[in-house]
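Read off the chains here:
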Amino acid sequence: MGRRRRRRRVDPADATRALPEAIAALSQTLPAGPSPETFRRAKFDRPEAAPALWRLLFRVLSPQLADGASASFSPEAQVRSVKLALRTQGYPRRALAQLPDDGSQGGRELLLALAWLLARGPLPERLLTQNRVQLGDEMPVCECEALASPGPPTPSVEADGCVDIRHLQWLMGKLRFRWRNLMASQQEQCALLGKIHSYTRGCHSDRSLGHLSVTETELLRDPEGGRQLLRRLERENARLQAALEWRRRELVFWWWMDTVLGACPPEASQPTFLPRIPTPGTGALEPLVQELQALQGELREAVEARRAAWEAGGSSGVVPAGFRSHHVAFWTCWWTCVSPNPTWAPPSSLHELDRASTGFVAVNSGPRALH
């Protein structure tokens, strides 16, 4: 499912014993990871495994949400968000999109979707990077000063219906006002960081830094915050150890996922949609549609003429002259690219083409060496 893996022989007995440990390590690296028993029930499409996997995929596909923020979303909203995110990323199975929005079904399909996300890239490492404990000072840079300034007027675009220009101007002014507030808050945050760095200069044990960060300054003021930070670091270290364990036992999980995929009913292949020229109507695209139809008719006539000439030449044993001229041009290009010796000349006539194409003999140059 996506990423290529080295195929090694897996003993089914050893894989069965190591499977719970591999799934437990994977669950520990994921946010709100379910238990290995939930994965086992999802393989057999048990309905009690579906809610936990819907929540897991919602947290995986929405990593910017905090732990308590996801609780404010209803189960229906989480299901719709997961379906939309997977469809946006190109998930190929249509069975997941047909599941009900109440989140009560689809354990096996959700398990396949999770495996698809794991196969696309290093998902545990990316989640660990996004949810890491920040000890230093990081400041995002706003690079949208153009929105904060009035700037030149934008080119006019025709709309289908009536447009209220005053409403658009009000929306643009509101957007610029929000950007100015964002830039002002970031500048204020940078000024406060500069004060903290200047006041704590020389207090850090690392000579390359020379100052304390905001987190380290808070530790000096609040010892209880230091205990909370220590617990967060311990949880992060446990997730890192689980990620290492997952990488060591990943092959067992994929062996098990082959059995899960084998238990799924075969899904019909998606139909192929060919491009179609829209029917002409009373709109701005009508001249373009007429031009495309005319070009399509000319192309069809040219193809029929070439096909008739080729069939006539094949039945008489004579290659059409148009084809032979194209063949001469092809041999000229081939001779120029392959032959580095400037004394070797490409075929310049149909007679020389016959000699060159039958015996690979260079024309006017003596014997030719093929590499």
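Nothing here was measured: the structure is a model prediction, and the numbers come from that model.

1. Considering the overall build of the protein
A tally of regular secondary structure across the protein gives 14 helices and 0 strands. Its helices and strands taken in sequence order, the protein reads α-α-α-α-α-α-α-α-α-α-α-α-α-α from the N to the C terminus. Per-residue burial for the protein yields a buried fraction of 27% across its 371 residues. A separation of at least 24 residues holds for 63% of the contacts in the protein among residues at least 6 apart in sequence.

2. So, helix H6 (residues 123–130)
Among all positions of H6, only Leu123, Pro124, Leu127 and Leu128 are buried. Buried positions in H6, seen along its axis, are confined to an arc of 135° and lie on one side of it.

3. Some details on the pattern of salt bridges
All told, the structure shown has 12 salt bridges when counted by the stated rule. A salt bridge links Arg248 to Glu245; the shortest N-O distance between them is 2.5 Å. Linking Arg248 with Glu245, this pair stays in helix H10 (residues 223–248), spanning 3 residues, or about one helical turn. Given a relative accessible area of 21%, Glu245 falls into the partly exposed group. Because the salt bridges share partners, they merge into one network encompassing Glu21, Glu245, Arg248 and Arg249.

4. Observations regarding the side chain of Ser213
Relative to the helices and strands, Ser213 is located in the loop between helix H8 (165–199) and helix H9 (214–221). We classify Ser213 as buried; its relative accessible area is 7%. Residue contacts for Ser213: discarding those within four places in its chain leaves Leu135, Gly136 and Asp137.

5. Section: the packing of aromatic side chains
Inspection of the entire model under this criterion finds 5 aromatic pairs. On the basis of an interplanar angle of 70° and a centroid distance of 5.2 Å, the ring pair of Trp246 and Phe253 is categorised as edge-to-face. Phe253 shares its class with Trp246; the two are buried.

6. Quick look at the packing of helix H5 (residues 107–120) against helix H11 (residues 250–263)
At a closest axis distance of 11 Å, the pairing of H5 and H11 adopts a crossing angle of 140°. Of the possible angle classes, the one that applies to H5 and H11 is oblique. Along this stretch, H5 crosses H11, giving a crossing that reads as left-handed. Between H5 and H11, the contacting residues are Arg108, Leu111, Leu112, Ala115, Leu118 and Ala119 on the first element and Phe253, Trp254, Trp256, Met257, Val260, Leu261 and Ala263 on the second. Tallied by class, the residues present in the contact of H5 with H11 amount to 12 nonpolar, no polar and 1 charged.

7. Description of the nonpolar core
Ranked by size, the top nonpolar core spans 44 residues in total, and within it Leu30, Leu86, Leu117, Leu118, Phe253, Trp256 and Met257 carry the most contacts. Every element with two or more residues in this core is listed here: helix H1 (12–29), helix H2 (36–43), helix H3 (50–61), helix H4 (75–88), H5, H6 and H11. Take this core: its biggest share by element is 10 residues, from H5.

8. Regarding the packing of H6 against H10
Put simply, H6 and H10 touch, their axes get as near as 10 Å, and they point 170° apart. One way to sum up the angle between H6 and H10 is to call them roughly antiparallel. Along the contact surface, H6 presents Pro124, Glu125 and Leu128, while H10 presents Arg239, Leu240, Ala243, Trp246 and Arg247. Partitioning the contact of H6 with H10 into residue classes produces 5 nonpolar, no polar and 3 charged.

9. A word on unusual backbone geometry
For residues besides glycine, phi is generally negative; the peptide bonds are generally trans as well. Even without being glycine, Ala32 reaches a positive phi, approximately 55°. Within the element layout of this structure, Ala32 appears in the loop between H1 and H2. Under the relative-accessibility criterion, Ala32 is labelled partly exposed at 48%. The backbone phi angle of Asp45 is positive, close to 60°, even though this residue is not glycine. Tracing the backbone shows Asp45 in the loop between H2 and H3. By relative accessible area, Asp45 is classed as partly exposed at 37%.

10. Section: a nonpolar patch on the surface
Nonpolar side chains collect at one region of the surface, where Val163, Ile165, Leu168, Trp170 and Leu171 lie side by side and expose about 480 Å² of accessible area between them. Tracing the backbone through its elements, the reader meets Leu168 in helix H8. Of the residues examined, Leu168 reaches a relative accessible area of 44% and is grouped as partly exposed.

11. As for the confidence of the model for the protein
In the predicted model, the protein carries a mean pLDDT of 75, and the fraction of residues at 70 or more is 67%. Considering only residues more than four positions removed or in separate chains, one finds that residues 269–278, a stretch of pLDDT under 50, has 9 contacts.

About the criteria used
Residues numbered from 1 in each chain as written. Predicted model: local features only at pLDDT ≥ 70, side-chain atom pairs only at ≥ 80, totals over all residues. Heavy atoms only, no water. Helix = DSSP H or I, 4+ residues; strand = E, 2+ residues; numbered from the N terminus. Buried < 20%, exposed > 50% of the residue type's maximum accessible area, 1.4 Å probe, protein only. Contact = heavy atoms within 4.5 Å. Arc of directions from axis to C-beta. Salt bridge = Lys/Arg side-chain N within 4 Å of Asp/Glu carboxyl O. Phe/Tyr/Trp six-rings, centres within 6.5 Å; stacked < 30°, edge-to-face > 60°. Axes fitted to C-alpha atoms, helices over the stretch in contact; angles between N-to-C directions. Parallel < 35°, antiparallel > 145°, perpendicular 65-115°, else oblique. Left-handed = near helix turned anticlockwise from the far one by under 90°. Nonpolar A, V, L, I, M, F, W, Y, C, P; charged D, E, K, R; others polar. Core = buried A, V, L, I, M, F, W, Y, C linked by side-chain atoms within 4.5 Å. Patch = residues over 30% accessible without salt bridge, like charges linked within 9 Å, V, L, I, M, F, W, Y side chains within 5 Å. Areas by Shrake-Rupley, 256 points an atom, 1.4 Å probe, with all protein chains shown as cover. pLDDT = per-residue confidence, 0-100.

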